[in-house]
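Each chain, written out:
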Amino acid sequence: MTDFPGEKPVKQATETLLTHRGRRPEQQFGFVNTPVYRGSTIVFPTLDALEDYSISFRYGRQGSPTTRGIEDMISELEGAAGTLLAPSGLAAITLALLSVLSAGDDILVTDSVYEPTRAFCDGMLARLGITARYYDPRIGAGIESLFTDRTRAVFVESPGSHTFEMQDLPAIATVAKARSAAVIVDNSWATPLFHRPLELGADLVVHAGTKMFVGHSDAMSGTVSANAQFWPALAKAHRQLGIAVGPDDAFLVARGMRTLAIRMKEHEQRALGLADWLADQPDVIRVLHPARPDHPDHAIYRRDFSGSGSLFGIVLHHGPREAVAAFVDGLQLFSMGYSWGGYESLILPSKVAHARTATQFDPGGTLFRLHVGFEAIDDLKADLASGLARYRERL
Ligand SMILES: *Cc1c(COP(=O)(O)O)cnc(C)c1O
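Everything numeric in this text was worked out from a predicted model, so none of it was measured. (Residues numbered from 1 in each chain as written. Predicted model: local features only at pLDDT ≥ 70, side-chain atom pairs only at ≥ 80, totals over all residues. Heavy atoms only, no water.)

(A) Structural view of the pairing of strand β1 (residues 82-86). In terms of residue burial, β1 counts as a mostly covered element, since five of its five residues are buried. Neither face of β1 is exposed, since Gly82, Leu84 and Ala86 on one face and Thr83 and Leu85 on the opposite face are all buried. As defined by bridge partners, β1 adjoins strand β7 (residues 222-226) across five bridges and the pair is classed as antiparallel. Looking across to β7, one finds that alanine 86 is bridged to glycine 222. (Buried < 20%, exposed > 50% of the residue type's maximum accessible area, 1.4 Å probe, protein only. Helix = DSSP H or I, 4+ residues; strand = E, 2+ residues; numbered from the N terminus. Pairing = 2+ DSSP bridges.)

This is the structure:
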């Protein structure tokens, strides 16, 4: 894939790259941002131009400066040979899977995987004659015993987005490489600012761009990045599936990326601060946050990540539904909703145990997932403190 037209790739610090890549003010009357290019048809002035396949943009479905700028930026952040936008995180995941799997193959998928990914594996992939088998997220090098001659890929999500187990990606990737299987990593939690799976042996990285990249809860997006070995297959699958992303959504991803570094720093500090405070509350049995030293996989976090995300879990003493309702219904600042990654704080009662097939996940109490946004931290604490009091009254 060609670079963003006219842009010379130079090695830049992450913050500089986020603010300067993928835009060319001098080519757009000085306007700072790359405009929303709307279009299907791209016209060619001559037969020579029509037949020149090195021209960056030849048809609307294949992208525009609005999309290409973001793709190049993410490739640089991930250390990838190429990146492609998809209309949602799940579309990015299904694209990555379809780019490496064929009928008769099987794939090893973490038991902690995002549930819609599991649904695709058990539904569409099964229909296409591809078998998904699930593995214990803490398996590490032990994954070797699950490989068969037909295993073509491993799907890693670290940490699990409800249960927060970390995975030993280098160990898994070493086994997979020896068996010529592709390793796909869902890196939505950490973003490439805090975790670079390709450098640890992964082949493809997917993001729910909807979450941290967009960052404002106002668009859906996904990305897939690949190393040099898997980039041609990824680009081909993207082309054949006809995946095209609307320019308005792409613009919102670009706008979000500009502030990703400062947002991630703030999310990290706030989430950790709140997690530490919650760990001291009498109603909280456990906090599931990989960056806390009491997390069982903290050593992996320390080794493979340079920072942590906005999302973590808390476990309260078992309570009836009425107590859970009293907690969450009365919250003033934490809203309930799927998704995460925006400026606003969210909470979700987590029911993940039923989805597991290879392992059991028993949190030992009632599990909630929190996304910490940018409200004043004391206001967030007060909101949660009154919620915990309502919960306790109904135990
Ligand atoms: C939300 C999410 C996805 C899917 O992203 P969508 O844009 O909602 O399709 C994938 N993986 C993880 C970890 C997520 O949290």
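There is more to say, and it comes next.
(B) A look at the sheet that holds strand β11 (residues 346-349). Reading across from one edge, β8-β9-β12-β11-β10 is the order of the five strands in this open sheet, with mixed pairing throughout. The open sheet terminates on both sides in strands that have one partner only, identified here as β8 (284-288) and β10 (335-336). Sheet analysis places β10 next to β11, joined by two bridges and oriented parallel. Directly across from methionine 336, in β11, lies its bridge partner isoleucine 347. Packed on one face of the sheet, helix α13 (residues 377-393) meets β9 (311-316), β11 and β12 (366-371) and runs near 165 degrees to β12. (Contact = heavy atoms within 4.5 Å. Axes fitted to C-alpha atoms, helices over the stretch in contact; angles between N-to-C directions.)

(C) Broad picture of the environment of glycine 222. Among the structural elements, glycine 222 can be located in strand β7. Residue classification places glycine 222 among the buried positions, given a relative accessible area of 0%. On a C-alpha basis, the gap between glycine 222 and valine 315 in space is 30 Å, while along the polypeptide they are 93 residues apart. Setting aside anything within four residues of it in sequence, one finds glycine 222 in contact with Leu84, Leu85, Ala86, Pro87, Ser88, Gly89, Ala92, His207 and Gly209.

(D) Structural view of the nonpolar core. Within the largest apolar cluster, 38 residues are counted, with the highest numbers of intra-cluster contacts made by Leu18, Ile70, Leu77, Trp189, Leu193, Met257 and Leu260. The biggest single contributor to this core is helix α9 (residues 247-258), with five residues. Dropping the residues within four chain positions of it, leucine 77 is found in contact with Thr14, Leu17, Leu18, Pro192, Leu193, Arg196 and Met257. Counting 33 residues, the second-largest nonpolar core is a separate cluster that includes Ala153, Val224, Ala226 and Ala237. (Core = buried A, V, L, I, M, F, W, Y, C linked by side-chain atoms within 4.5 Å.)

(E) Region of interest: the pattern of salt bridges. In total, this model carries 20 salt bridges according to the counting rule given. A salt bridge links lysine 265 to glutamate 15; its shortest N-O distance comes to 3.5 Å. Of this pair, lysine 265 sits in helix α10 (residues 260-279) while glutamate 15 sits in helix α1 (residues 14-20); the two residues are 250 residues apart in sequence, bridging distant segments of the chain. By relative accessible area, glutamate 15 is classed as partly exposed at 42%. One network of salt bridges, with partners in common, ties together Asp168, Arg303 and Asp304. (Salt bridge = Lys/Arg side-chain N within 4 Å of Asp/Glu carboxyl O.)

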